[in-house]
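This is what each chain is made of:
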Amino acid sequence: MEHITLDILISGGTTLTMSNTMDIVENSQIGIKDGTIVFIREKSNDSPNYRYDKFIDASKSLIMPGLINTHTHLPMVCFRGLADDLPLMDWLNNHIFPAENKYVNRDMVHCGSVLAIAEMILSGTTTFCDAYYYESSVARAAIETGMRGIVCQGFIDLSTNNNTKLSKERDIAESFIEKWTGVSPLVTPTLACHSPYTCSPETITLIKGIARKHNIPFFIHLAETREELTLTRERYGTTPVRHLHNLGALDENTVPAHCVWVDEEDTDIMADCGVKVSHMPESNMKLAAGNAPIPRMLKKGITVGLGTDGCASNNDLDMFLEMSTAAKIHKVVEMDPTVMDAETVVRMATIEGAKTLGMEHSIGSIEEGKSADIIIIDTKKPHLTPLYNHYSQLVYSASGADVSTSIINGRIVMENKQLLTIDLPDVMERVREMSHRIAKGID
């Protein structure tokens, strides 16, 4: 070990490893080589003098795994603030779907994704899971910017299903997986259906079957609103969760988002099937969808990660704010200040998020052999002083603006708050130009 030249040596500061034993390493040293963490240890007087290409002094800083956003729609940054303060069905059917139908194209998706990635890197996210249209443009944006992304080709039934349509959906799904598998360590291709009320049983069964064949995750919005619950009962005579279960679509590689309107039997089924859940409290609050019973899910052993949802319904991608909201909303709903403690929530944003996406063996914690997805937080600030409990500080005091350095797959993508892989003024101007066209209602 002492004879190799490291790509990066991070020295000083306190490291929250988020490992199974939740080790905290004071005055730490982290060695990175070829995108991988080769050691994490406490610095001492007899520590070897390592050779390195890049040295990062993290003294008086907090070091932790990069945050993992388990559910979002990156290109929707272009619709940020377009239709706020509306019920979900009105917002979706009368504003978002029409805007998407008119303005979404490959250039919009790529440009919006780059801006969203910039926002995420600046606020400490190093992995995202995205589902949208023209998902290949999202994959390209991730590779170009050095971001880690799970990219989901999405499916939604805007017309009547028939054998020709299902055959086309099969071809699209298979082609997308083949196109992006193995292209880059940063990109993992997967599949998603929008929801049980916008996708037919045939489409859900088909897409889940293809995902199962390739042993990749399958994503879907599920039980998000009271209206969805009513619709599903009217159409299929059961709840959204039990509907998917009847279709054979629930297993350990199924990741439903939201899961607000679920009862005890629903959560028992989810636990028995091993499904993972993406929790988005801010989006659920803003659209008045309700509050998912996450404490109940955790008690049943369901793995839960955090997500932001898209910027049209949140309206930001700051996972620190999502952590803070997740910790607080359940306390007031349950009238119990002990539920969703800070350590639990930080785990949901890191290692539990990795488990949700099936990536816990490579990301989510700072351990030898894992990918070097690491963020450094500047704690030399009034609102982060004094420090008694690291997890409480992260959840109740910190924000994404406190992240100073981000490393993804061993590559520094932000240093001292400066993005190194994105021309931020250029992409912001391009999105502004798009927004002018959207606001005027012209092509």
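Quick notes on the rules
Residues numbered from 1 in each chain as written. Predicted model: local features only at pLDDT ≥ 70, side-chain atom pairs only at ≥ 80, totals over all residues. Heavy atoms only, no water. Axes fitted to C-alpha atoms, helices over the stretch in contact; angles between N-to-C directions. Helix = DSSP H or I, 4+ residues; strand = E, 2+ residues; numbered from the N terminus. Parallel < 35°, antiparallel > 145°, perpendicular 65-115°, else oblique. Left-handed = near helix turned anticlockwise from the far one by under 90°. Contact = heavy atoms within 4.5 Å. Pairing = 2+ DSSP bridges. Nonpolar A, V, L, I, M, F, W, Y, C, P; charged D, E, K, R; others polar.

1. Quick notes on the packing of helix 2 (residues 106–122) against helix 15 (residues 424–440)
Where helix 2 meets helix 15, the closest approach of the two axes is 10 Å, and the angle between their N-to-C directions is 130 degrees. With respect to helix 15, the element helix 2 is oriented oblique. Like other packed secondary-structure pairs, helix 2 and helix 15 cross with a definite hand, here left-handed. Contacts between helix 2 and helix 15 involve D107, M108, C111, V114, L115, A118 and L122 on the former and, on the latter, L424, V427, M428, R430, V431 and M434.

2. Digging into the sheet that holds strand 6 (residues 51–57)
The strand order across the open sheet built from 4 strands is 5-4-1-6, with neighbouring strands paired in mixed fashion. The open sheet is flanked by strand 5 (36–42) and strand 6, the only strands paired with a single partner. Strand-to-strand, the axes of this sheet are offset by a mean angle of 20 degrees, without reference to chain direction. Relative to strand 6, strand 1 (residues 5–11) is paired through 6 bridges, and the arrangement is parallel. Across the sheet, T5 pairs through a bridge with R51, a residue of strand 6.

3. A few points about the packing of helix 3 (residues 135–145) against helix 4 (residues 163–180)
Running from N to C, helix 3 and helix 4 cross one another at 15 degrees; their axes reach a closest spacing of 11 Å. The orientation of helix 3 relative to helix 4 falls into the category roughly parallel. In this structure, helix 3 meets helix 4 at a crossing whose hand is right-handed. Between helix 3, through E135, S136, A139, R140 and I143, and helix 4, the contact on the second element is made entirely by F176, K179 and W180. Across the contact of helix 3 with helix 4, the residue classes tally to 4 nonpolar, 1 polar and 3 charged.

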